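Report on the structure
In case you want the letters, here they are:
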Amino acid sequence: MSDRRNFIKKAALGTVGIGAILSCDKSVETKSEITGSTEISKGSKPIIISTWNHGLPANEETWKQLKEGKPTVDAIVAGMNIPEADPKVRSVGYGGFPDREGKVTLDACIMDHDSNCGSVSFLQGIKHPISVAKKVMQNTPHVMLVGEGAFQFALSEGFKEENLLTAEAEKDWKNWVEESKYKPVINMENHDTISMLVVDKDGNISGGCTTSGAAWKMHGRVGDSPIIGAGLFLDNDIGAAAATGLGEAVLRTAGSAMVVELMRQGKSPYEACKEIVERIYAKHKNHKDMEYLQVGFIAVNKKGEHAGYSLRSGFNYAVADEKSGNRMEDAAFKMSWDD
């Protein structure tokens, strides 16, 4: 746990092709003040913002696709397919931690600037749930398919069934089974969801979210990630928001939809994210989840201004634009893990 709590001071971020990575070696107090400056960030279009450091390669591919003239939704799917297929990313897709029964179950959703959306939940055996979610949006009259129905639909669309439980993830699961203690930790190696928001060159907004969910969850558990209005929401006239962290807390507050509504009322992305995190804190400060509760939001408005804010330290996100390239930014936060 101490390693996780100190992650924000020690993260090694590397380099990617379209830009330099910002350093994240700042104190808690300084970090909160400095990252709060995103409240007045100058807008930029196109812009891509994604949760966590696995957002870097996702951003890079999405940026490449946009520059090639691909539709924004297709670019998002191409970018998010990268962490979904990476067995080293232990909370998304292939290689993700399984549930208590040792089964990898996946959730994803996607939404375009016309408010068309698609979602899959409790999907097993399909490596790229974000791709299936896009097919739900484009090829069905529905928004969400779940479980066996989502699986059969994926097969009908040409997706292949695969074993998503890697040897490494299976080993970790077997070690967990020895004690069977459930306590989600959203930081460090358990980075959680990848969510992506994109404002294209024309100012149109789209977004996506994909995850394998909380490690060691009950079989059948679904968090906020595939739920439009909780894990992801956008209004093309206003902006977009996405969540990461403990899905139950986001579901209880319709978190991403509320962030967008606050931007509709005139708040900046920073102010909107901060207010919803404060709301979640107020509703959970005496809750059983509070000991390990972490929730973070990213948001971007129609102008391309962006921000992130989290309950506890440790949340960072990847941003790509023309001016500064592809880099990590540290979210402002309400409290550190030691508070």
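These numbers were taken from a predicted model, which means no experiment stands behind them.

**Comments concerning a nonpolar patch on the surface**
Nonpolar side chains collect at one region of the surface, where V143, M144 and V146 lie side by side and expose about 220 Å² of accessible area between them. Mapped onto the secondary structure, V146 falls in strand β4 (residues 144-146).

**What about the pairing of strand β10 (residues 306-312)?**
For β10, a buried count of seven out of seven residues is recorded, marking the element as mostly surrounded by other parts of the structure. Here strand β9 (residues 295-301) runs beside β10; their pairing, made up of five bridges, is antiparallel. Paired with F297 across the bridge in β10 is Y309. Turn length for the β9-β10 hairpin, with the two strands adjacent in sequence and antiparallel, is four residues, and the turn residue G304 shows positive phi of about 95°.

**With respect to the packing of aromatic side chains**
Scanning the entire structure with this criterion turns up five aromatic pairs. Seen from their ring centres, W52 and F315 are 5.2 Å apart, and the 65° between their planes marks the pair as edge-to-face. With W52 in the loop between β1 (47-51) and α4 (55-67) and F315 in the loop between β10 and β11 (316-321), this pair connects stretches of sequence that are 263 residues apart. Residue W52 is classed as buried on the basis of its relative accessible area of 0%. Classification of F315 as buried rests on a relative accessible area of 1%. Between F97 and W216, the aromatic rings sit 5.2 Å apart at their centres with planes inclined by 50°, giving tilted as the arrangement. Separated by 119 residues along the polypeptide, F97 in the loop between α5 (72-85) and β2 (106-111) and W216 in the loop between β6 (205-211) and β7 (232-235) bring together distant segments of the chain.

**Focus on helix α6 (residues 129-139)**
Along an α-helix, residues three or four apart share an orientation, since each turn contains 3.6 residues. With eight of eleven residues buried, α6 lies mostly within the body of the structure. Those residues of α6 that fall on the buried side of the exposure criterion are P129, I130, S131, V132, A133, K134, V136 and M137. For α6, the secondary structure elements touched by its buried residues are α5, β2, β3 (117-123), β4, α7 (147-156) and β6.

**Considerations on the nonpolar core**
Ranked by size, the top nonpolar core spans 31 residues in total, and within it I48, I110, V120, L123, I126, V132 and M196 carry the most contacts. If near-sequence neighbours (up to four positions away) are discounted, I126 is found in contact with L106, V132, F151, A154, L155, F159, K160, E161 and L164. Of all hydrophobic cores here, the second largest spans 28 residues; its members include M263, C273, L293 and F297.

**Some words on the sheet that holds β10**
The strand order across the open sheet formed by five strands is β7-β8-β9-β10-β13, and the pairing between neighbours is mixed. Taken across any chain shown, the strands that pair with only one partner, and hence form the sheet edges, are β7 and β13 (332-335). Averaged over all neighbouring strand pairs, the angle between strand axes comes to 15°, with direction disregarded. With seven bridges connecting them, strand β8 (residues 239-245) and β9 associate as antiparallel partners. Opposite A241, over in β9, you have A299 as the bridge partner. In this fold helix α10 (residues 255-264) packs onto β7, β8 and β9, with an angle of close to 145° to the strand it touches most, β8. This element, helix α11 (residues 269-284), spans β9, β10 and β13 of the sheet and lies at about 20° to β10.

Each value, and the rule that gives it
Residues numbered from 1 in each chain as written. Predicted model: local features only at pLDDT ≥ 70, side-chain atom pairs only at ≥ 80, totals over all residues. Heavy atoms only, no water. Patch = residues over 30% accessible without salt bridge, like charges linked within 9 Å, V, L, I, M, F, W, Y side chains within 5 Å. Areas by Shrake-Rupley, 256 points an atom, 1.4 Å probe, with all protein chains shown as cover. Salt bridge = Lys/Arg side-chain N within 4 Å of Asp/Glu carboxyl O. Helix = DSSP H or I, 4+ residues; strand = E, 2+ residues; numbered from the N terminus. Buried < 20%, exposed > 50% of the residue type's maximum accessible area, 1.4 Å probe, protein only. Pairing = 2+ DSSP bridges. Phe/Tyr/Trp six-rings, centres within 6.5 Å; stacked < 30°, edge-to-face > 60°. Contact = heavy atoms within 4.5 Å. Core = buried A, V, L, I, M, F, W, Y, C linked by side-chain atoms within 4.5 Å. Axes fitted to C-alpha atoms, helices over the stretch in contact; angles between N-to-C directions.

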